[in-house]
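# Coordinate analysis (summary)
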Amino acid sequence: RKEVEQDPGPFNVPEGATVAFNCTYSNSASQSFFWYRQDCRKEPKLLMSVYSSGNEDGRFTAQLNRASQYISLLIRDSKLSDSATYLCGPMEYGNKLVFGAGTILRVKS
Amino acid sequence: DAGVIQSPRHEVTEMGQEVTLRCKPISGHDYLFWYRQTMMRGLELLIYFNNNVPIDDSGMPEDRFSAKMPNASFSTLKIQPSEPRDSAVYFCASSLGMNTEAFFGQGTRLTVV
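The shown structure was predicted, so the numbers you read here are calculated from the model rather than taken from an experiment. (Residues numbered from 1 in each chain as written. Chains lettered and ligands numbered in written order. Predicted model: local features only at pLDDT ≥ 70, side-chain atom pairs only at ≥ 80, totals over all residues. Heavy atoms only, no water.)

## Some points on the interface of chain B and chain A
- Facing the 22 residues of chain B at the interface are 21 residues of chain A.
- Roughly 1,700 Å² is buried in total at the junction of chain B and chain A, and carbon and sulfur atoms are behind 52% of that figure.
- In terms of surface lost to chain A, no three residues of chain B exceed Leu43(B), Asn99(B) and Phe104(B), which account for 31% of the buried area on that side.
- Between chain B and chain A we count 1 salt bridge in total.
- Its salt-bridge partner being Asp56(B), residue Lys96(A) comes within 3.1 Å of it at the nearest N-O pair.
- At the junction of chain B and chain A, the tally comes to 8 residue pairs in polar contact (both at pLDDT 80 or more). (Contact = heavy atoms within 4.5 Å. Buried area = accessible area lost by both parts, 1.4 Å probe. Salt bridge = Lys/Arg side-chain N within 4 Å of Asp/Glu carboxyl O. Polar contact = N/O pair within 3.5 Å; in protein donor to acceptor, adjacent residues only side chain to side chain.)

## Regarding the sheet that holds strand β8 (residues 74-79) of chain B
Residue and element names in this part refer to chain B.
- If you walk across this open sheet you meet the 4 strands as β1-β3-β8-β7, and the pairing is antiparallel. Lying at the two open borders of the sheet, with one neighbouring strand each, are β1 (5-7) and β7 (65-71). Strand-to-strand, the axes of this sheet are offset by a mean angle of 15°, without reference to chain direction.
- Bridge analysis of strand β3 (residues 19-24) against β8 gives 5 bridges, and the strand direction is antiparallel. Pairing of threonine 20 across the sheet is with lysine 78, part of β8. (Pairing = 2+ DSSP bridges. Helix = DSSP H or I, 4+ residues; strand = E, 2+ residues; numbered from the N terminus. Axes fitted to C-alpha atoms, helices over the stretch in contact; angles between N-to-C directions.)

## Observations regarding the state of the cysteines
- On inspection of all chains with the given rule, the structure shows 2 disulfides over all chains.
- Note on cysteine connectivity: Cys23(A) is disulfide-linked to Cys88(A), with sulfurs 2.0 Å apart. On the sign convention where negative means left-handed, the S-S torsion of about -75° between Cys23(A) and Cys88(A) marks this disulfide as left-handed. Of the two residues, Cys23(A) is situated in strand β3 (residues 19-25) and Cys88(A) in strand β9 (residues 84-92); the sequence distance between them amounts to 65 residues. This pair shows no difference in class: Cys23(A) is buried, exactly as Cys88(A) is.
- The partner cysteine of Cys23(B) in its disulfide is Cys92(B), sulfur to sulfur 1.9 Å. Where Cys23(B) bonds to Cys92(B) through sulfur, the torsion about that S-S bond is close to -65°, and the disulfide is left-handed. (Disulfide = S-S within 2.5 Å. Buried < 20%, exposed > 50% of the residue type's maximum accessible area, 1.4 Å probe, protein only.)

## Some points on the pairing of β3(A)
Residue and element names in this part refer to chain A.
- Side chains Val19, Phe21, Cys23 and Tyr25 project from β3 onto a buried face, and the interleaved Ala20, Asn22 and Thr24 project onto a face without burial.
- Of the strand pairs in this sheet, strand β1 (residues 4-6) and β3 are connected by 3 bridges, and their pairing is antiparallel. What sits directly across from valine 4, in β3, is tyrosine 25.
- Bridge count for β3 against strand β8 (residues 70-75) is 6 bridges, and the pairing is antiparallel. Each bridged residue has a counterpart across the sheet, and for alanine 20 the counterpart in β8 is leucine 74.

Set out below in structure tokens:
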């Protein structure tokens, strides 16, 4: 089983839609969780950190379910500029930051 | 701060040649990570350091790969000899401390022909 699993997508949604991605992780000792956004041919950039049950920042909401070992990212009112790959990154014991392969989002007008 | 700085940005080399990738982390950051990204395998952690000491190198593919961090402001990832399957984007990232976000460099796009 992979350490981190994400649905690769692509998720094709119209502008204004609400879309959610899930990410499952295998290491139950993971302490912190991060969602990164990666644009084509660019480096990943932090979107959101999650240290407890969840976090919200504007149109973006992350929720953590430790019992089931998954974390989700919800994007409301999608914009064209949200089109990117979203990477889930649990931080394992010892500050080991690993990532899933990413979920591709395409927002269309 | 200029962020994490990687060099070169692009590297094209012939199979069998030695390749050295360089990284300068953000000043004051205690952790440094090396990743490799391909379409097939996604973003893989190769090795990471804490205070210049390698903590986990279980992601290093094989003995052809080696990484060093001689001081707090510099790290290298070396591939010797290089093979076409090593072609990928290699990212370096650094973080301030435990359970804090990592900041990525712009990456080195390596092509081995």
